[in-house]
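For reference, the chains in residue letters:
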Amino acid sequence: MTEKPFLREAVATDAAALKAIMAPVIAGSTASFSSEERDEPAWAAMVEDRLARGRAFYVAELAGEVVGYATYDQFRPGNNGYRFTMEHSVYLKDTAQGYGLGRTLMLTVEQHAREAGHHSMIAAVDADNAGSIAFHKALGYEEAGRIPQAGFKFDRWLDVLFLQKFL
């Protein structure tokens, strides 16, 4: 990577890039348990909604191309008992992995949540995803629980592992 990447707040017009980042994740991995892609209007609406409600939504850009994103929202939305506990998402294009962008995005999202007065951040990870688990543990996340066979994708049951970091 010769050009230095930078982070910026996402905008609705990033929708196509966000969809492109997630398409291979949804089609070929269990990093997301979903098998349904969001369309561009749904991505644009998500960006606008999160920002309007004071949540973070950042993108990593390299040479004018959005190569990753991170965001968070309330864990178990709609239940105000969880209003200080957030759950994040962080994804990178395959070509952008290994350069510290995921770490930078995560730390930026955590700082935003901390400054907004939130207490903890949750990661919900496929229990077989050793790379994601190691990534989170390197950033100070600790295992908080596991739900066996909570998800179903690619004709198999998936355990979800919850990791938590106090902000």
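Just so it is clear, the structure is predicted and the values come from calculations on it, not from any experiment. (Residues numbered from 1 in each chain as written. Predicted model: local features only at pLDDT ≥ 70, side-chain atom pairs only at ≥ 80, totals over all residues. Heavy atoms only, no water.)

1. Points about the pattern of salt bridges
Okay, step 1: Counted according to the given criterion, the structure contains 12 salt bridges.
Okay, step 2: Asp-73 is the partner of Arg-55 in a salt bridge, and the nearest nitrogen-oxygen pair spans 3.0 Å. One end of the pair, Arg-55, is in the loop between α2 (40–52) and β2 (57–62); the other, Asp-73, is in strand β3 (residues 65–74), and 18 residues separate them in sequence.
Okay, step 3: Taking relative accessible area as the criterion, Arg-55 reaches 11% and is therefore assigned buried.
Okay, step 4: You can call Asp-73 buried: its relative accessible area is 13%.
Okay, step 5: Glu-65 serves as the salt-bridge partner of Lys-93, at 2.4 Å between the closest nitrogen and oxygen. With a gap of 28 residues between them, Lys-93 in the loop between β4 (85–92) and α3 (101–115) and Glu-65 in strand β3 connect regions that are remote in the sequence.
Okay, step 6: A relative accessible area of 37% places Glu-65 in the partly exposed class. (Salt bridge = Lys/Arg side-chain N within 4 Å of Asp/Glu carboxyl O. Helix = DSSP H or I, 4+ residues; strand = E, 2+ residues; numbered from the N terminus. Buried < 20%, exposed > 50% of the residue type's maximum accessible area, 1.4 Å probe, protein only.)

2. Some remarks on the side chain of Lys-153
Okay, step 1: Mapped onto the elements, Lys-153 comes out in strand β6 (residues 142–153).
Okay, step 2: Buried Lys-153, no salt bridge; nearest opposite-charge side chain is Asp-126, N-O distance 8.8 Å.
Okay, step 3: A polar contact of 2.9 Å, which involves the side chain of Lys-153, links it to the backbone oxygen of Ile-26.
Okay, step 4: At 2.8 Å, the side chain of Lys-153 forms a polar contact with the backbone oxygen of Ser-34.
Okay, step 5: In this structure, Lys-153 is in contact with Val-25, Ile-26, Ser-29, Ser-32, Phe-33, Ser-34, Ser-35 and Leu-158, ignoring residues within four places of it in sequence. (Lys, Arg positive; Asp, Glu negative; His and termini not counted. Polar contact = N/O pair within 3.5 Å; in protein donor to acceptor, adjacent residues only side chain to side chain. Contact = heavy atoms within 4.5 Å.)

3. Examining α2
Okay, step 1: Relative to the 18 Å expected for 13 residues at 1.5 Å per residue, α2 spans 18 Å between its end C-alpha atoms, a close match to the ideal helical length.
Okay, step 2: Residues Trp-43, Ala-44, Met-46, Val-47 and Arg-50 constitute the buried set of α2. Buried residues of α2, seen end-on, are gathered within an arc of 160° and therefore sit on one face of the element. When the buried face of α2 is taken as reference, the exposed residues oriented beyond 90 degrees from it are Pro-41 and Ala-52.
Okay, step 3: Tucked into the core, α2 has its buried residues touching α1 (15–28), β2 and β3.
Okay, step 4: The N-terminus of α2 is capped by Asp-39, whose side-chain oxygen sits 2.9 Å from the backbone nitrogen of Ala-42.
Okay, step 5: Gly-54 occupies a position one or two residues after α2 and carries a positive phi of about 80°. (Expected span 1.5 Å × (residues − 1). Arc of directions from axis to C-beta.)

4. Re the pairing of β4
Okay, step 1: β4 sits mainly inside the fold: 6 of its 8 residues count as buried.
Okay, step 2: As paired strands, β3 and β4 are joined by 7 bridges and run antiparallel to one another. Residue Gly-68 lies in a different strand from β4, and its bridge partner there is Leu-92.
Okay, step 3: Inspection of the sheet shows β4 paired to strand β5 (residues 120–126) by 3 bridges, in the parallel sense. Opposite Thr-85, over in β5, you have Ser-120 as the bridge partner.
Okay, step 4: The parallel pair β4 and β5, bridged by α3, forms a crossover whose chirality is right-handed. (Pairing = 2+ DSSP bridges. Right-handed = clockwise from strand over helix to strand, strands pointing away.)

5. Here's the deal with the sheet that holds β6
Okay, step 1: Across the sheet, which stays open at both edges, the 7 strands sit in the order β1-β2-β3-β4-β5-β7-β6 with mixed pairing between neighbours. Every other strand in the sheet has two partners, leaving β1 (6–9) and β6 as the edge strands with one partner each. Taken over all neighbouring pairs, the strand axes of this sheet differ in orientation by 25° on average, direction set aside.
Okay, step 2: Packing of α1 onto the sheet brings it into contact with β2, β3, β4 and β6, and relative to β3 it is tilted by some 80°.
Okay, step 3: Lying on the sheet, α2 is in contact with β1, β2 and β3; it crosses β2 at an angle near 120°. (Axes fitted to C-alpha atoms, helices over the stretch in contact; angles between N-to-C directions.)

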